[in-house]
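# A closer look at the structure
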Amino acid sequence: MSASSPTPLSEGSPRARAPDEGNRSLIACLSDRPVVVVSPHFDDACLSLGGLLCAIGRGALINVFTRSLWLKAGPPGPRTEAQVRAIRESEDNAFCAQAGLTPYNLDCLEPALLNRDPMDRSHVEEDVTQAEAILLSKLGALRATSTANPWLFVPMGIGPHVNHRAIARIVSRSEEH
C-alpha cells in the first residue's frame, strides 16, 4: 500500500461491481460465522484478500509482526521504527475501516529489528517463539466471544519470508491440538 489513504470504492469503479452468483454464494457462506484473519504483517491481508474481506464486511484482523523498519515507499530514509509504524498502521486502519474489520496488532518484531535477513528461514523457530503464545491467546479470546467457530484466514502464510513461515507453522501446530 502507498503512504496515502485508499480511495473509497464507488459504484462506478470496476473494483466495486456486483459479485457474480458464485461469489455471492461464497460470500453468503462466509457470512454465517465470525471471520478472523491472521496477517503476518500490516498489508498482507489487504493485498491477499482485500476484495473478499470488503465483500464480507466484518471480522477481526490480527497483525502479528508489526514492529518494522520496512516501507516499500514513503519519506526518504533513514526512518525510525515509530515513523514506519505510523505510516503502515494508518494504511492498515484505513483498509480495516473500509472492510469492516477490527484490527489487533501484536507488536512482534520483524527481522530487520533483530539484524536478520527476512528470507533467512534458519530463524523461523525464534519467530514462532516470539509470536505463538500471544497469537494463540488472541485467537482464543476472539473465539470465546462467539458461539460459532470462526472462519480463519491466514493470508501470505506461504513464501520464503521467515515471518510468513512462522505464522504457517503456528497455525499448523495449533490445528494438531
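The paragraphs below set out a description of the structure included in this document. (Residues numbered from 1 in each chain as written. Predicted model: local features only at pLDDT ≥ 70, side-chain atom pairs only at ≥ 80, totals over all residues. Heavy atoms only, no water.)

Moving on: the side chain of Asp44. Structurally, Asp44 can be placed in helix H2 (residues 44-56). Buried charge Asp44 goes without a salt bridge, the closest partner of opposite sign being Arg88 at 6.0 Å. A polar contact of 3.1 Å, which involves the side chain of Asp44, links it to the side chain of His41. Reaching out from Asp44, the side chain makes a polar contact with the side chain of His164 at a distance of 3.2 Å. (Helix = DSSP H or I, 4+ residues; strand = E, 2+ residues; numbered from the N terminus. Buried < 20%, exposed > 50% of the residue type's maximum accessible area, 1.4 Å probe, protein only. Lys, Arg positive; Asp, Glu negative; His and termini not counted. Salt bridge = Lys/Arg side-chain N within 4 Å of Asp/Glu carboxyl O. Polar contact = N/O pair within 3.5 Å; in protein donor to acceptor, adjacent residues only side chain to side chain.)

Turning to the pattern of salt bridges, a few remarks are in order. Per the stated rule, a full pass over the model turns up 10 salt bridges. For Asp43, the salt bridge is made with Arg88, and the minimal N-O distance between the two is 3.6 Å. With a gap of 45 residues between them, Asp43 in the loop between strand S1 (35-39) and H2 and Arg88 in helix H3 (residues 81-99) connect regions that are remote in the sequence. Owing to a relative accessible area of 9%, Asp43 belongs among the buried residues under this scheme. Judged by its relative accessible area of 5%, Arg88 is buried. Close ionic contact of Glu110 with Arg88 constitutes a salt bridge, the shortest N to O distance being 3.4 Å. Of this pair, Glu110 sits in the loop between strand S3 (101-105) and helix H4 (124-143) while Arg88 is found in helix H3, placing the two residues 22 residues apart along the sequence. Classification of Glu110 by relative accessible area gives buried; the value is 7%. Look at the salt bridges and you will find they share partners, linking Glu125, Glu132, Arg169 and Arg173 into a network.

Evaluation of the coordinates by the stated rule reveals 0 aromatic pairs. Over the aromatic face of Trp151 sits the side chain of Arg33, whose NZ or CZ is 3.7 Å from the ring centroid. (Phe/Tyr/Trp six-rings, centres within 6.5 Å; stacked < 30°, edge-to-face > 60°. Lys NZ or Arg CZ within 6 Å of the ring centre and 35° of its normal.)

Time to look at the sheet that holds S3. Strands sit in the order S3-S2-S1-S4 across an open sheet of 4 strands; the sheet is parallel. Edge positions in the sheet fall to S3 and strand S4 (151-153), since each has one partner strand and no second. Taken over all neighbouring pairs, the strand axes of this sheet differ in orientation by 20 degrees on average, direction set aside. Against the sheet, H3 engages strand S2 (59-63) and S3, with an angle of about 155 degrees to S3. Taken strand by strand, H4 contacts S1, S2, S3 and S4, and its axis lies near 170 degrees from that of S2. (Pairing = 2+ DSSP bridges. Axes fitted to C-alpha atoms, helices over the stretch in contact; angles between N-to-C directions. Contact = heavy atoms within 4.5 Å.)

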